[in-house]
Amino acid sequence: MRELSLHILDIVQNSISAKADTITVEISEDLEADELKITVSDNGCGMDEETLARVNGTFATSRTTRKIGMGIALFRAAAELAEGYLTLESEKGKGTVTTAVFKHSSIDRMPLGDISGTMMLISAKAADFDLIYRHVWNGNEFVFSTRDIKEVIEDTPIDSPEVLTYIHDYIHENLNELFGGERDEIS
Amino acid sequence: MKSLEELRAIKERMKASVNDRNENSDKVRVVIGMATCGIAAGARPVMTAFLDEISKRGLENVTVSQTGCIGMCKLEPLVDVYMPGEEKVTYIKMTPEKAVRVVNDHIVNKNIVSEYTIGSAE
C-alpha cells in the first residue's frame, strides 16, 4: 500500500464483513502535537478475546485465520514505521475500533493519498450501512455522512456512477476548503 | 462548491431514465476485485476511472461493483465485465487508462479488448 487512504479502504472492508450498520472513519491531524490519528469504528459483530488476540499477532498467526488476512498487519507496519502504533479494541456483539497513530512529520509516514476516492468507494457499498467520515485539521472539521446523501437521493441507488462521482467531488472540494488550498499529499 | 441542489438534479435525472427503461434486461455489470491484494495493486484508481468515464458518457445501464479476492492476486487489479446475454470477460492487471478503453471499446462499442483479457496472459 502506498497511501494511508488505501489502508482505510482495506480496514473498512472488515467492518462491512462484520455487518456493521454504522461505520465511522475519523482522521485527526494535529500539527502542533505532530500527530496523525486514523480511527475506524463500527457497530458490527465484534470479536471475542481469542480472535482479537490472533488478529493482534504477527503475520504468521494472521495467516491461519484466512478471514482476517493481512490488512491489519500491513496497517500496523505502516504506523510503526512512522514512529506510531496501532490498537484494536473489540467486544463481541458491540463492534470494533481500530486506531492507528502516526508521527505527522515522520519521513516514513505514507501520504494520506486520495481520501475522496476511498470514501467514494466505501459509499458505493453503503446501501446497507451508513458511513460517517470526520476529518479534523488543526481544530477545524469536515463531516460527511451517507445519511445526508441518502436523504436527498431517496430511492436512487447510492452506487449509481453519477452519485458516486458527485460524492467524490463533494468531499474533494470540502477537504481543500478545510486545508485552505490543495495539499500535496492529498491527490 | 458542490451543492445538494446538484445532487437533487442527479436524482431527478436518474428517476426519469429508470422509468424509460425496462428493468434490468439490458444491464451491464462491471465487477472489480477490491480485497487487500486488489487495493495494493491499484484497484481503487481503476474503479474511479470506470465511474468517471461511465458518468461522463452518461451510460445509465451500467453498474460498477466491488468484490473480494478470487485467488489470482498476481493478476490484480482484476475486472469482470458482464454484458447482457454474454459470457463474462475477465480483464487483468488493469490501469485507469485501460479502464477508459474497456468502457469505450467493450461496453459502448461491444468489441472485447482481447489484449487485456485473462486469455492473453498465457
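Residues numbered from 1 in each chain as written. Chains lettered and ligands numbered in written order. Predicted model: local features only at pLDDT ≥ 70, side-chain atom pairs only at ≥ 80, totals over all residues. Heavy atoms only, no water.

This brings us to helix H3 (residues 43-56) of chain B. All names here are of chain B. Taking 1.5 Å of rise per residue, 14 residues should cover 20 Å, and H3 covers 20 Å from first to last C-alpha, within 8% of that figure. Among the 14 residues in H3, 11 count as buried, and that is most of the element. Directly beyond the C-terminal end of H3, a positive phi value near 60° is found at Gly 58. (Helix = DSSP H or I, 4+ residues; strand = E, 2+ residues; numbered from the N terminus. Expected span 1.5 Å × (residues − 1). Buried < 20%, exposed > 50% of the residue type's maximum accessible area, 1.4 Å probe, protein only.)

One key point about sheets: their strands pair by backbone hydrogen bonds, in either a parallel or an antiparallel sense. Residues and elements named next belong to chain B. With mixed pairing, 4 strands are arranged side by side in an open sheet as E2-E1-E3-E4. The strands lining the two open edges of the sheet, one partner per strand, are strand E2 (62-67) and strand E4 (89-91). Mean inter-strand twist for the sheet, computed between neighbouring axes without regard to direction, equals 20°. As paired strands, strand E1 (residues 28-33) and strand E3 (residues 79-82) are joined by 4 bridges and run antiparallel to one another. Bridging across to E3, Arg 29 finds its partner in Tyr 82. (Pairing = 2+ DSSP bridges. Axes fitted to C-alpha atoms, helices over the stretch in contact; angles between N-to-C directions.)

Right, let's talk about the pattern of salt bridges for a bit. Across all of its chains, the model carries 21 salt bridges over all chains by this definition. The partner of Arg 147 of chain A in a salt bridge is Asp 130 of chain A, and the shortest N-O contact between them spans 3.3 Å. Placement of the pair is Arg 147 of chain A in helix H6 (residues 146-153) and Asp 130 of chain A in strand E5 (residues 130-137), with a sequence separation of 17 residues. Lys 2 of chain B is paired through a salt bridge with Glu 6 of chain B; the nearest N and O atoms lie 2.6 Å apart. (Salt bridge = Lys/Arg side-chain N within 4 Å of Asp/Glu carboxyl O.)

The next subject is the interface of chain B and chain A. Between chain B and chain A, the residue contacts involve 27 residues of the former and 34 residues of the latter. Among the residues chain B hides against chain A, the three largest losses belong to Lys 2, Leu 7 and Arg 44 of chain B. Together they make up 26% of the total. Joining chain B to chain A, the criterion identifies 4 salt bridges. For Glu 162 of chain A, the salt bridge identified is with Arg 13 of chain B, shortest N-O distance 2.3 Å. Here chain B and chain A share 11 residue pairs in polar contact (both at pLDDT 80 or more) between them. At the level of secondary structure, the elements contributing two or more residues to the side of chain B that touches chain A comprise helix H1 (4-20), helix H2 (36-41), H3 and E2 of chain B. Element by element, the count of residues in the side of chain B that touches chain A is highest for H1 of chain B, at 9 residues. When the residues that make up the side of chain B that touches chain A are grouped by side-chain class, the tally is 13 nonpolar, 5 polar and 9 charged. (Contact = heavy atoms within 4.5 Å. Buried area = accessible area lost by both parts, 1.4 Å probe. Polar contact = N/O pair within 3.5 Å; in protein donor to acceptor, adjacent residues only side chain to side chain. Nonpolar A, V, L, I, M, F, W, Y, C, P; charged D, E, K, R; others polar.)

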